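Below are the chains, spelled out letter by letter.
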Amino acid sequence: DSLGNIPGYLLLNQSRDDRILLHAPEHDVALHKLSCDPLQIFLRLSPLLSPKLLETLYRMGHHDEIIFGDAHFPGESCNDNIIRADGLRIDDLLDAVLPLFVLDHVIDQPVMMMGPLPEDKADPKIAADYQNVHDGYDEIVKKHYPDTAPIAQVDKYDFYDRTRKAFAVVMT
């Protein structure tokens, strides 16, 4: 999952409220806001969401983070909780996950992606590709959470450190 030769890596922070829509019954308010019964939520689940990914989203707690990395991301060497989503695109998974995931409102930027290296910024084509990936992800986040801050870009090695601490890594 990349645009040109630009890798796609994304990190989401779980809300302090721990309100994933699959956490019934203590979250009936969230279910009622959807104006439908719980069965309707399951009927609307994206087929891109594997049982393991749904279980992982359900198990995540306050301030937990989940990483979405493309096939070239070193997720396997950074984290033991790997979810395979081979052949899927990060942007499609993001669009499928965000209706079930409450972004952390306590931190300023709950969605981050690995930023370009200095040498990538120096190449106008690569820099433009990075910006296109960033803007595409940001559009999806804004669709589900219009008031969320723009996606932060994190240094590559800081992103790897966060990956080591993340609850899970989804590899596309």
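Note that the structure is a prediction, hence the values are computed from the model and not measured.

Asks: Quick question: what am I supposed to make of the overall build of the protein chain here?
Replies: Per the secondary structure count, the protein chain includes eight helices and eight strands. Contacts in the protein chain between residues at least 24 apart in sequence constitute 83% of all its contacts with a sequence separation of at least 6. A total of about 8,800 Å² of accessible surface is found on the protein chain, and carbon and sulfur atoms cover 53% of it.

Asks: Explanation requested: the pairing of strand β8 (residues 168-171) in the structure shown.
Replies: In summary, the side chains of a regular strand alternate between the two faces of the sheet. Covered by surrounding structure in β8 are Ala168 and Val170 together with Val169 and Met171, the residues of both alternating faces. As paired elements, strand β4 (residues 65-69) and β8 share four bridges and run parallel to each other. By the bridge assignment for β8, Phe68 is matched with Val170. One ladder, built from three bridges, connects strand β5 (residues 82-84) with β8; its direction is parallel. Each bridged residue has a counterpart across the sheet, and for Arg84 the counterpart in β8 is Met171.

Asks: Even after reading the chapter, I still don't get the pairing of β4, so can you show me in this structure?
Replies: Of all the five residues making up β4, five are buried; the element is thus mostly covered by neighbouring parts of the structure. Neither face of β4 is open: one carries Glu65, Ile67 and Gly69, the other Ile66 and Phe68, and all of them are buried.

Asks: What is the right way to look at unusual backbone geometry in this model?
Replies: The general pattern is negative phi for most residues beyond glycine and trans for most peptide bonds. Phi is positive for His63, close to 65°, though the residue is something other than glycine. Inspection of the secondary structure assignment puts His63 in the loop between α3 (51-59) and β4. Assessed through its relative accessible area of 40%, His63 is described here as partly exposed.

Asks: Teacher, can you tell me more about the nonpolar core here?
Replies: Note on soluble globular proteins: their nonpolar side chains tend to be buried together. Ranked by size, the top nonpolar core spans 28 residues in total, and within it Leu49, Leu53, Ile66 and Val170 carry the most contacts. Secondary-structure elements contributing two or more residues to this core are α3, β4, α5 (90-97), β6 (111-114), α7 (124-144) and β8. The element that contributes the greatest number of residues to this core is α5, accounting for five residues. Beyond its immediate sequence surroundings of up to four residues, Leu49 is in contact with Leu54, Ala96, Val97 and Leu100. Membership of the second largest hydrophobic core comes to twelve residues, among which are Phe73, Ala166, Val169 and Met171.

Asks: Would you take a moment to explain the side chain of Asp120 for this structure?
Replies: Looking at where Asp120 falls in the secondary structure, it is placed in helix α6 (residues 118-122). Although Asp120 is buried, it forms no salt bridge, and the closest oppositely charged side chain is Lys156 at an N-O distance of 7.3 Å. In this view, Asp120 contacts Ile126, Ala127 and Tyr130; residues no more than four positions away in its chain are not counted.

Asks: I keep staring at the side chain of Asp70 and nothing clicks. Help me out?
Replies: One can find Asp70 in the loop between β4 and α4 (75-78). Buried charge Asp70 goes without a salt bridge, the closest partner of opposite sign being Arg84 at 9.3 Å. Among the polar contacts listed, one links the side chain of Asp70 to the backbone nitrogen of His72, at a separation of 3.0 Å.

Quick notes on the rules
- Residues numbered from 1 in each chain as written.
- Predicted model: local features only at pLDDT ≥ 70, side-chain atom pairs only at ≥ 80, totals over all residues.
- Heavy atoms only, no water.
- Helix = DSSP H or I, 4+ residues; strand = E, 2+ residues; numbered from the N terminus.
- Contact = heavy atoms within 4.5 Å.
- Areas by Shrake-Rupley, 256 points an atom, 1.4 Å probe, with all protein chains shown as cover.
- Buried < 20%, exposed > 50% of the residue type's maximum accessible area, 1.4 Å probe, protein only.
- Pairing = 2+ DSSP bridges.
- Core = buried A, V, L, I, M, F, W, Y, C linked by side-chain atoms within 4.5 Å.
- Lys, Arg positive; Asp, Glu negative; His and termini not counted.
- Salt bridge = Lys/Arg side-chain N within 4 Å of Asp/Glu carboxyl O.
- Polar contact = N/O pair within 3.5 Å; in protein donor to acceptor, adjacent residues only side chain to side chain.

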